[in-house]
Amino acid sequence: MKELIIGKSWEGILTRIACVSCFIIFFVYPNFDIIRVDGHSMTPTFDNEEVVFLKKYAYEHIPPELNDVVVLKGEPNKIILREKLIKRIVGIPGDKIEIKAGYLYVNDKIHMPELGVIFKHLDYVFVEKIPEDHYFYIGDNRADTMYGLVNRNEITGKIMFN
């Protein structure tokens, strides 16, 4: 059995290694990326400089779901100076988002209160429902994060694991 799997000769072994390498290069590698966390906005979920795996085409056929951790395209022409932003999706199309007394509310229910306040002196209300193909994002470090709406086509993928 062992000879059947590994092969009896070096040529057989090298052929199998070449086949597996081609599979990884052409099918696995293009779908994933390895990125480094830049900043503290996702603490305690991810630490600064931590390496994470991005599934690039996670949302090609299905929409992002609540609490997915995603990578957003950075906007260098605005306040965002990073190429890629890692944030959590906390609002999907049709949801109502509010920040009251520093806490995040989604559809009138507090979202992850264990993460603490966002801003102590800020009340923010997204009165209208989140529009179609848009998502509300925020970092897990509620005291030091950015938040806002993002169009689905600005989400480049989903963080799979670290």
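Residues numbered from 1 in each chain as written. Predicted model: local features only at pLDDT ≥ 70, side-chain atom pairs only at ≥ 80, totals over all residues. Heavy atoms only, no water.

Focus: the overall build of the protein
Consideration 1: When helices and strands are tallied, the protein shows two helices and 11 strands.
Consideration 2: In the protein, the order of α-helices and β-strands from amino to carboxyl end is α-α-β-β-β-β-β-β-β-β-β-β-β.
Consideration 3: Across the 162 residues in the protein, those meeting the buried criterion constitute 34%.
Consideration 4: Taking the contacts inside the protein whose residues are at least 6 apart along the sequence as the reference set, 56% of them involve residues at least 24 apart.
Consideration 5: As displayed, the protein has an accessible area near 10,300 Å², and 60% of this comes from carbon and sulfur atoms. (Helix = DSSP H or I, 4+ residues; strand = E, 2+ residues; numbered from the N terminus. Buried < 20%, exposed > 50% of the residue type's maximum accessible area, 1.4 Å probe, protein only. Contact = heavy atoms within 4.5 Å. Areas by Shrake-Rupley, 256 points an atom, 1.4 Å probe, with all protein chains shown as cover.)

Regarding the environment of H134
Consideration 1: Among the structural elements, H134 can be located in strand β9 (residues 134–138).
Consideration 2: Sequence separation of H134 and P64 is 70 residues, and the distance between their C-alpha atoms is 9.9 Å.
Consideration 3: In this structure H134 touches I92, P93, V150 and N151, once residues within four positions along its chain are discounted.
Consideration 4: Within the structure, H134 has its side chain in polar contact with the backbone oxygen of E132 (distance 3.0 Å). (Polar contact = N/O pair within 3.5 Å; in protein donor to acceptor, adjacent residues only side chain to side chain.)

Considerations on unusual backbone geometry
Consideration 1: Cis geometry marks the peptide bond from T43 to P44; its omega dihedral reads 15 degrees.
Consideration 2: Tracing the chain through its elements places P44 in the loop between β1 (32–36) and β2 (51–55).
Consideration 3: Here the phi dihedral of N107 falls at roughly 55 degrees; this positive angle occurs in a residue that is not glycine.
Consideration 4: Tracing the sequence through the fold places N107 in the loop between β6 (103–106) and β7 (109–110).
Consideration 5: Its identity is not glycine, yet D133 carries a phi of approximately 65 degrees, on the positive side.
Consideration 6: Looking at where D133 falls in the secondary structure, it is placed in the loop between β8 (124–126) and β9.

A word on the pattern of salt bridges
For side chains bearing opposite charge, pairing can occur when the charged atoms are close.
Consideration 1: Following the criterion strictly, the structure yields six salt bridges and no others.
Consideration 2: A salt bridge links E98 to K96; the shortest N-O distance between them is 3.6 Å.
Consideration 3: Exposure remark for E98: the relative accessible area of 8% places this residue in the buried category.
Consideration 4: Between D108 and K96 there is a salt bridge; the shortest N-O distance is 3.4 Å. (Salt bridge = Lys/Arg side-chain N within 4 Å of Asp/Glu carboxyl O.)

Concerning the pairing of β2
Consideration 1: Here β2 shows a clear split, with V52 and L54 buried on one side and none of V51, F53 and K55 buried on the other.
Consideration 2: In the sheet, β1 pairs with β2 via five bridges, with the strands oriented antiparallel. Residue pairing in the sheet places I34 in a bridge with F53 of β2. (Pairing = 2+ DSSP bridges.)

Here we look at the pairing of β6
Consideration 1: What you see with β6 is a clean split: L104 and V106 sit on the buried side and Y103 and Y105 on the side with no burial.
Consideration 2: As defined by bridge partners, strand β5 (residues 97–100) adjoins β6 across four bridges and the pair is classed as antiparallel. When the bridges of β6 are listed, E98 appears paired with Y105.
Consideration 3: Linking β5 back to β6 in an antiparallel pair, the connection comprises two residues, with A101 at a positive phi of about 50 degrees.
Consideration 4: With two bridges connecting them, β6 and β7 associate as antiparallel partners. Residue pairing in the sheet places Y105 in a bridge with I110 of β7.
Consideration 5: What sits between β6 and β7 in their antiparallel hairpin is a turn of two residues, with N107 showing a positive phi close to 55 degrees.

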